[in-house]
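# Residue-level structural notes
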Amino acid sequence: MTPSTASITPLSRRLFPFLKWWPRVNAATLKADALAGLIGAIVVLPQGVAFATLAGLPPEYGLYCAMVPTVVAALFGSSLHTIAGPTNPVSLMVFAVLSPLATPMTPHYIELALTLALMSGIIMLALGLLGFGSLVNFMSSSVVIGFTAALGVFIFASQLGNFLGIASAPAGFADLVLGTFRRFGDARPWVVLVAAATLAVGALSHRVLPRIPPMLTAMVLGSVMAFVLNQALGVESTGLRTLGPLPGALPPLSTPDVSAATLQSLLPGAIAVALVSLTQALSIAHAIALKSGQRLDNSQEFIAQGLANVAAAFFSGFPTSASANRCGINYDAGARTPMSAIFSALLLVLVLLAVAPLVAYLPIAVVAALLFLVAWNLIDFARIRKILSTSRGESAVLAVTFLATLLLDLEFAIFVGVLVSLVLFLNRTSHPIMRSLVPDPRHTGRKMTEVEDSLVECPQLKILRIEGSIYFGAVGHVERHLDTLREHSPGQKHLLLMSKSINFVDMAGAELLVEEARRRRAGGGQLYFYSLRKPVEELLERGGYMAELGRENVFRGKREAIGGVFTRLDLSICATCRARIFEECASVPGPKETR
């Protein structure tokens with residue numbers, strides 16, 4: 001911490017987080033950030049156009065999203081390297097939410113996109129101000145990977161018609177695929193040729209021109225090829241339609257529709273968009289932070305993304321998030337502070353002033369090919385293979401999220417994935433592992449180990465370790481196991497719980513323990529604990545459960561517990577016992593000595 005940052009009050013940090021990193025800015029950082037910003041401005045040019053098209057909006061809206069919202073997110077975020085702007089998952093979410101309500105590209109559709117940005121931004125902002133930065137943790141990585149992979153497949157399906165030169169109306173995944181293949185014979189050869197060439201250039205250009213963004217190379221060469229074909233053969237013959245000219249380089253002010261009917265119809269979609277946007281932004285920011293060694297404030301990132309989306313609503317944008325490609329390129333280009341994002345937005349205006357007339361010649365087929373590249377990069381094959389080979393539960397979450405994204409309304413698919421994750425988590429936690437333990441004579445100090453064929457238990461005392469929490473969801477499972485122990489081993493009237501692995505006990509769990517203690521006492525035995533965690537012990541005290549369990553039955557350590565319990569065993573049984581697994585057993589004459 002520098003002297004200049006040490007004087008910043010916590011309130012100032014919250015209201016103006018850029019004051020924390022501003023003292024880092026100097027001539028060297030400005031030079032590095034300006035270079036990174038220029039690269040970012042060039043990279044976002046094809047991405048912005050492609051993502052706006054994907055969202056069902058005019059291409060300039062994707063570029064406007066990379067201006068004011070990017071500056072706002074840079075000023076109010078905690079990450080030094082994250083850049084906000086148009087992204088592929090959020091763009092597709094916008095299309096999925098709005099296409100049933102209005103026709104894409106129409107003024108009403110654009111107005112709804114502005115309102116969706118405003119609503120999702122307010123939701124993100126509220127979550128950040130309330131300190132709910134950990135909320136995004138409820139979306140497991142399997143949900144995110146399954147969702148983004150399905151988005152990639154959906155992008156392929158939605159752009160297949162444009163790739164082939166076949167006009168297709170907005171529809172669900174199955175209808176898109178079936179409708180396109182029914183009209184496969186109507187494909188335009190010149191459109192397919194340009195799209196395929198653009199795709200090949202984008203996939204291979206990084207090997208020949210590693211310093212130039214592949215999407216930029218593909219966009220330029222594909223557009224040149226289409227221009228030449230149109231000039232030689234005519235647009236009617238080739239079918240190579242273009243986007244048309246951009247209206248301007250600066251984002252005009254815009255007004256969302258805040259009528260009650262519109263807000264009500266967009267609320268479920270706004271919640272889903274906010275959740276997807278925050279998950280994407282946080283995962284990308286933390287991935288970059290792992291490389292840079294920076295610590296992030298999740299709630300501040302929520303605030304930054306919320307304000308960026310609110311800004312998008314009033315500056316001709318649509319819902320935004322952090323871009324994986326731009327953030328990674330920004331960090332690799334040597335960005336030092338969020339000034340790189342600000343430079344990127346400012347330089348994008350200058351780039352647009354120079355190239356805006358050329359965008360009119362950008363063919364829709366080239367945009368479709370660019371989106372094919374985006375879709376392929378969305379599918380994380382390495383992580384999918386790892387999940388499928390590692391965990392059945394996570395594989396189920398992945399599969400359900402993937403199928404729900406393709407078959408259900410997109411705004412509800414993410415909730416399905418989260419719900420399945422929570423159900424599986426609750427299922428795991430509701431079945432704590434319970435292991436029977438005995439002292440192992442093969443180890444010094446007779447370390448407790450799980451019962452094996454070569455190890456015998458005390459005929460009067462069962463030692464049990466519970467690994468997990470005893471809460472309302474797990475009570476049934478634990479109760480059945482304890483009943484089974486009493487039925488199968490009636491001679492083991494005493495039960496000693498190794499409690500170090502019991503993380504949490506609620507009232508239902510405490511009442512279960514009290515009931516077990518009563519049953520043990522009724523059968524002539526007792527329930528004991530050792531290594532009880534302090535939070536668990538405090539709950540038992542506060543609820544009055546400790547009085548029923550008996551403070552004298554709670555021990556601090558293993559040696560104290562076994563020694564204390566041993567004095568309460570039936571010594572007549574000990575005299576005939578051959579197990580002799582405790583050191584205390586030596587104090588009682590065994591079967592040989594009594595003959």
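Residues numbered from 1 in each chain as written. Predicted model: local features only at pLDDT ≥ 70, side-chain atom pairs only at ≥ 80, totals over all residues. Heavy atoms only, no water.

Time to look at the overall build of the chain. Helices and strands together make up the secondary structure of the chain, namely 28 helices and 9 strands. Against the 2.2 N^0.38 benchmark of 25 Å for 595 residues, the chain shows a C-alpha radius of gyration of 32 Å, more extended than a compact globule. For the chain, the proportion of its 595 residues judged to be buried stands at 52%. At a minimum sequence separation of 6, the contacts of the chain that also span at least 24 residues come to 78%. Total accessible area on the chain is roughly 26,900 Å²; 64% of this is exposed by carbon and sulfur atoms. (Helix = DSSP H or I, 4+ residues; strand = E, 2+ residues; numbered from the N terminus. Rg over C-alpha atoms; globule rule 2.2 N^0.38 Å. Buried < 20%, exposed > 50% of the residue type's maximum accessible area, 1.4 Å probe, protein only. Contact = heavy atoms within 4.5 Å. Areas by Shrake-Rupley, 256 points an atom, 1.4 Å probe, with all protein chains shown as cover.)

On average, residues of the chain score 85 in pLDDT, and 93% of them reach the 70 mark or higher. Note that pLDDT drops below 50 for residues 1-6; the model gives that stretch 7 contacts with residues more than four away or on any other chain. (pLDDT = per-residue confidence, 0-100.)

One non-glycine residue, methionine 105, lies in positive phi territory at about 75°. Inspection of the secondary structure puts methionine 105 in the loop between helix H7 (88-98) and helix H8 (107-129). Exposure remark for methionine 105: the relative accessible area of 41% places this residue in the partly exposed category. One non-glycine residue, serine 531, lies in the positive phi region at around 60°. Note that serine 531 resides in the loop between strand E8 (526-530) and helix H24 (534-542).

With that settled, the discussion passes to helix H18 (residues 364-378). The end-to-end C-alpha distance of H18 is 21 Å, a good match for the 21 Å that 15 residues give at a rise of 1.5 Å each. A large share of H18 lies buried, amounting to 13 of its 15 residues. (Expected span 1.5 Å × (residues − 1).)

This part covers the packing of aromatic side chains. Taken as a whole and judged by the stated rule, the model has 9 aromatic pairs. With a centroid separation of 6.3 Å and an interplanar angle of 90°, the aromatic rings of phenylalanine 18 and phenylalanine 76 are classed as edge-to-face. With phenylalanine 18 in helix H3 (residues 18-21) and phenylalanine 76 in helix H6 (residues 68-76), the pair connects residues that are 58 residues apart, well separated along the chain. We classify phenylalanine 18 as partly exposed; its relative accessible area is 23%. Taking 5.0 Å as the distance between ring centres and 70° as the angle between the ring planes, the aromatic pair formed by phenylalanine 156 and phenylalanine 372 counts as edge-to-face. With phenylalanine 156 in helix H9 (residues 141-164) and phenylalanine 372 in helix H18, this pair connects stretches of sequence that are 216 residues apart. Here phenylalanine 156 falls in the partly exposed class, since its relative accessible area comes to 25%. For phenylalanine 372, a relative accessible area of 9% gives the class buried. Through a chain of ring-to-ring contacts, three or more aromatic side chains come together here, namely Phe156, Phe163 and Phe372. (Phe/Tyr/Trp six-rings, centres within 6.5 Å; stacked < 30°, edge-to-face > 60°.)

Let us now look at the nonpolar core. Counting residues in hydrophobic clusters, the biggest one holds 84 residues, and the most contacted among them are Leu57, Leu98, Phe318 and Leu352. At 12 residues, the largest contribution of residues to this core is made by H18. In contact with leucine 98, not counting residues within four places along its chain, are Tyr109, Leu112, Ala113, Leu116 and Leu266. One finds Ile502, Leu512, Leu513 and Tyr545 within the second-largest nonpolar core, a separate group that totals 27 residues. (Core = buried A, V, L, I, M, F, W, Y, C linked by side-chain atoms within 4.5 Å.)

With respect to the helices and strands, the residue glutamate 301 is situated in helix H15 (residues 298-314). A distance of 2.6 Å separates a polar side-chain atom of glutamate 301 from the backbone nitrogen of serine 78. Apart from residues no more than four positions distant in its own chain, glutamate 301 is found in contact with Gly77, Ser78, Ser79, Leu282 and Ala285. (Polar contact = N/O pair within 3.5 Å; in protein donor to acceptor, adjacent residues only side chain to side chain.)

Contact geometry for helix H19 (residues 381-390) and helix H20 (residues 392-407): axes closest at 6 Å, N-to-C directions at 135°. Of the possible angle classes, the one that applies to H19 and H20 is oblique. For the pair H19 and H20, contact is made by Ile384, Ile387, Leu388 and Thr390 and by Arg392, Glu394, Ser395 and Leu398, respectively. In terms of residue class, the contact of H19 with H20 is built from 4 nonpolar, 2 polar and 2 charged. (Axes fitted to C-alpha atoms, helices over the stretch in contact; angles between N-to-C directions. Parallel < 35°, antiparallel > 145°, perpendicular 65-115°, else oblique. Nonpolar A, V, L, I, M, F, W, Y, C, P; charged D, E, K, R; others polar.)

Bringing the pattern of salt bridges into the picture now. Counted according to the given criterion, the structure contains 17 salt bridges. Between arginine 465 and glutamate 467 there is a salt bridge, and its shortest N-O distance comes to 2.9 Å. The salt bridge involving glutamate 548 is made with arginine 518; its shortest N-O contact spans 2.4 Å. Here the residue glutamate 548 occupies a position in helix H25 (residues 545-549), and arginine 518 occupies one in helix H23 (residues 507-522), the gap between them amounting to 30 residues. (Salt bridge = Lys/Arg side-chain N within 4 Å of Asp/Glu carboxyl O.)

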